[in-house]
Amino acid sequence: MKVVSFFSGLGGLDKGFVDTGYDIIWANDFDKYAVQTYKANFGEHIVLGDINEIPLEEIPDCDILIGGFPCQPFSMMGQQKGFEDTRGTLFFRIAEIVDDKIKKGKKPKAIILENVRSLRTHNNGETYKEIYRILHDVLGYNVFCDILNSADYGVPQTRNRTYIVCFDNQNARFEFPEKKKLNKTLQDLLEPEVNDKYFLSDRILPTILSDGTGGYKAKSEIDLKIARPLCATMAKMHRACQDNYVTQKGRIRRLTPRECARLQGFPDTFKIPVSDTQAYKQFGNSVVVPLMGEVAKLIVNNIETMDNEKEQDIQRKVI
């Protein structure tokens, strides 16, 4: 099945689908360094640029549309039925693209979106309510949504994210993947030998290991079995109550970019052609590949089942 990918980053969503047998025919991101990493691993089909600036006619038709759209603040449009005055927000750009495909008779069979855990509670639930209304009432999709934690799918990282799966079939049925027993720890993913630059200096160590100052207090822990959520600002090094630190050979260090890649489920064959700063940002923004692969398998099975049912209905009507 042909897939178009938005807000692709270094390709976490895409890899989950590629590993399941999907064909990513077109992708987009506005970060040149993320595009550099994407090209090194997936090919030249990614387009660098602001999706708001790319003409609708340049976006190819597809069976499935995927995207981890940024959860930027945007004003709700009440019960407005169209997309007027919403073009500056990225979710509504996706909706506009799908609406254009529908008008041309090329409606995608499925849409898969990923976002932060708090999406469903943002603005007292009004944000998600509007997203659901657009997907279901305006674009005509059957919408399924859940919050999934990567630690429940074989990856030792606590990472709760919102997944929205939509089908162009009001009779569609969908259940998110069943949880799996976690059989590895963060320590299983560590590199045995790392560059000295990853170890904390005696000067910064007290700050990193402190429990906070002033009105902010949180317990700092290191050597966790299940990692804290990776974040896009890991290059700055936060306190140990926010970032992940481990002990190796009697010294405390930060995670390497390769270890961050492993914590997002990328294989060691995945190329990292950018600086550490950019790599931390990209892996911190990524989705967990094995979890996305599990979702992708269920989606293709559902689409094939629905296509078969549709064909059987047609045959029965002919008879």
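Now for a look at the structure at hand. (Residues numbered from 1 in each chain as written. Predicted model: local features only at pLDDT ≥ 70, side-chain atom pairs only at ≥ 80, totals over all residues. Heavy atoms only, no water.)

### Things to note about helix α3 (residues 90-103)
Here α3 spans 20 Å end to end across 14 residues, near enough to the 20 Å set by a 1.5 Å rise per residue. Taken across its 14 residues, α3 has twelve buried, putting it largely inside the fold. Three or more residues of α3 are buried, namely Leu90, Phe91, Phe92, Arg93, Ile94, Ala95, Glu96, Ile97, Val98, Asp99, Asp100 and Lys101. If you follow the buried residues of α3, they end up packed against β1 (2-6), β4 (64-67), β5 (110-116) and α4 (126-138). Following α3 by one or two positions, Gly105 adopts a phi angle in the positive range, close to 75°. (Helix = DSSP H or I, 4+ residues; strand = E, 2+ residues; numbered from the N terminus. Expected span 1.5 Å × (residues − 1). Buried < 20%, exposed > 50% of the residue type's maximum accessible area, 1.4 Å probe, protein only. Contact = heavy atoms within 4.5 Å.)

### Let's talk about the packing of α3 against α4
Between α3 and α4, the shortest axis-to-axis distance is 11 Å and the interhelical angle comes to 5°. Taken together, the axes of α3 and α4 are roughly parallel relative to one another. On α4, the residues that touch Phe91, Phe92 and Ala95 of α3 are Glu130, Ile131, Ile134 and Leu135. Residue composition of the contact of α3 with α4, grouped by class: six nonpolar, no polar and one charged. (Axes fitted to C-alpha atoms, helices over the stretch in contact; angles between N-to-C directions. Parallel < 35°, antiparallel > 145°, perpendicular 65-115°, else oblique. Nonpolar A, V, L, I, M, F, W, Y, C, P; charged D, E, K, R; others polar.)

### Remarks on the sheet that holds strand β2 (residues 23-29)
Ordered by their spatial adjacency, seven strands build an open sheet running β3-β2-β1-β4-β5-β7-β6, and the pairing between neighbours is mixed. Strands at the two margins of the open sheet, each flanked by one partner only, are β3 (46-48) and β6 (142-149). The sheet shows a mean angle of 15° between the axes of neighbouring strands, taken without regard to direction. Bridge analysis of β6 against strand β7 (residues 160-167) gives eight bridges, and the strand direction is antiparallel. Looking at the pairing, Ile147 lines up with Thr162 of β7. (Pairing = 2+ DSSP bridges.)

### Describing the environment of Thr37
Relative to the assigned elements, Thr37 resides in helix α2 (residues 32-42). Distance in space between the C-alpha atoms of Thr37 and Gln282 is 8.9 Å, their sequence separation being 245 residues. Each residue touching Thr37, except ones within four places of it in the same chain, is listed here: Leu10, Phe270, Lys271, Pro273, Val274 and Gln282. One polar contact links Thr37 to Gln282, side chain to side chain, over a distance of 2.7 Å. (Polar contact = N/O pair within 3.5 Å; in protein donor to acceptor, adjacent residues only side chain to side chain.)

### Observations regarding the environment of Ile147
By the secondary structure assignment, Ile147 is in strand β6. Residue Ile147 is classed as partly exposed on the basis of its relative accessible area of 26%. Residues Ile147 and Ile164 lie 17 residues apart in sequence; the distance between their C-alpha atoms is 8.9 Å. Setting aside anything within four residues of it in sequence, one finds Ile147 in contact with Arg117, Arg120, Asn160, Arg161 and Thr162.

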